[in-house]
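Working through the structure, step by step
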Amino acid sequence: EVQLVESGGGLVQPGSPLKLSCAASGFTFSSNWLNWIRQAPGKGLEWVASINPDGSSTYYPDTVKGRFVVSKDNAKNTGYLQMNNLRSEDTAMYYCARTGGGPPDYWGQGVMVTVSS
Amino acid sequence: DIQMTQSPSVLSASVGDRVTLNCKASQNINKYLNWYQQKLGEAPKLLIYNTNNLQTGIPSRFSGSGSGTDYTLTISSLQPEDVATYFCFQHNSWPLTFGSGTKLEIK
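**Remarks on the pattern of salt bridges**
Residue and element names in this part refer to chain A. Within this structure, the stated rule accounts for 8 salt bridges over all chains. Note that Asp 90 and Arg 67 form a salt bridge whose closest N and O atoms lie 2.7 Å from each other. Of the two residues, Asp 90 is situated in the loop between strand 8 (78–83) and strand 9 (92–99) and Arg 67 in the loop between strand 6 (58–59) and strand 7 (68–73); the sequence distance between them amounts to 23 residues. An identical accessibility class is assigned to Asp 90 and Arg 67; each is buried. Among the ionic contacts, a cluster of salt bridges with common partners joins Arg 38, Glu 46, Arg 67 and Asp 90.

**A few points about the sheet that holds strand 1 (residues 3–7) of chain A**
All names here are of chain A. Within the open sheet, the 4 strands sit side by side as 1-3-8-7. Their pairing is antiparallel. Edge positions in the open sheet fall to strand 1 and strand 7, since each of these has one partner strand only. Across the sheet, the mean angle from the axis of one strand to that of its neighbour is 15°, orientation sign disregarded. Alignment of strand 1 against strand 3 (residues 18–25), held across 5 bridges, turns out to be antiparallel. Bridge assignment links Ser 7 to a residue of strand 3, and that residue is Ser 21.

**Details of the interface of chain B and chain A**
Taken together, the contact between chain B and chain A spans 16 residues of the former and 18 residues of the latter. Of the roughly 1,400 Å² buried between chain B and chain A on both sides combined, carbon and sulfur atoms contribute 71%. Counting the surface chain B buries against chain A, the share from its top three residues, Pro 44, Trp 94 and Phe 98 of chain B, is 36%. Summed over the shared surface of chain B and chain A, the number is 0 salt bridges. If you look at where chain B meets chain A, you find 2 residue pairs in polar contact (both at pLDDT 80 or more). Secondary structure elements with two or more residues in the side of chain B that touches chain A: strand 4 (33–38), strand 5 (45–49) and strand 9 (84–90) of chain B. Per-element tally for the side of chain B that touches chain A: the top contributor is strand 4 of chain B, with 3 residues. In the side of chain B that touches chain A, the residues fall into 11 nonpolar, 4 polar and 1 charged.

**Things to note about a nonpolar patch on the surface**
Residues Val 15, Val 83 and Ile 106 of chain B make up a contiguous nonpolar surface patch of about 210 Å² in total accessible area. According to the relative accessible area criterion, Val 83 of chain B is partly exposed, its value standing at 39%.

The rules we used
Residues numbered from 1 in each chain as written. Chains lettered and ligands numbered in written order. Predicted model: local features only at pLDDT ≥ 70, side-chain atom pairs only at ≥ 80, totals over all residues. Heavy atoms only, no water. Salt bridge = Lys/Arg side-chain N within 4 Å of Asp/Glu carboxyl O. Helix = DSSP H or I, 4+ residues; strand = E, 2+ residues; numbered from the N terminus. Buried < 20%, exposed > 50% of the residue type's maximum accessible area, 1.4 Å probe, protein only. Pairing = 2+ DSSP bridges. Axes fitted to C-alpha atoms, helices over the stretch in contact; angles between N-to-C directions. Contact = heavy atoms within 4.5 Å. Buried area = accessible area lost by both parts, 1.4 Å probe. Polar contact = N/O pair within 3.5 Å; in protein donor to acceptor, adjacent residues only side chain to side chain. Nonpolar A, V, L, I, M, F, W, Y, C, P; charged D, E, K, R; others polar. Patch = residues over 30% accessible without salt bridge, like charges linked within 9 Å, V, L, I, M, F, W, Y side chains within 5 Å. Areas by Shrake-Rupley, 256 points an atom, 1.4 Å probe, with all protein chains shown as cover.

Encoded structure:
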């Protein structure tokens, strides 16, 4: 069974860093893209980052480019999202989701990040 | 960036109705259009990928169609468990973008 479990969320102050983790199981992690998607409270979905299977290519929207870094450790079956210089508008539920050749298909249950002083 | 516009934003229908949700891209996305269902408090679930391919385990009352910039999700016979918000999503080009969602309610 494909499973993705996020961790590392919490309450942080503006300007602080935070690193999220995504533990994967039930599939060949090294053969899949990994994505991060977020959802602000009561709002829609926003794609945040993607990384290719071997970790050599990463993609971001302009809203987080230069502040967020996505990575994956294929030996540990774990993906990461390093978030720096966090802003109040980064407050959201963060989901990791794998891509098996098309769009993100399996998603984790999400982890909440709150940026507030 | 490709903008995805969904309509209507809220749809109220009766059990058994045929329901159609719309998604329009700001440019051709070559059928790289996908539909997600999100129930309250849950993570999104992939329903349809690449316009008209039903994800494994999804009931056959869900179907998708479209091309170019215009796409549709159809539920052939609405069920109570279909109450959710539906998002379209394009993966034709970076940055990947979602529509703002259609909230589907039961009358």
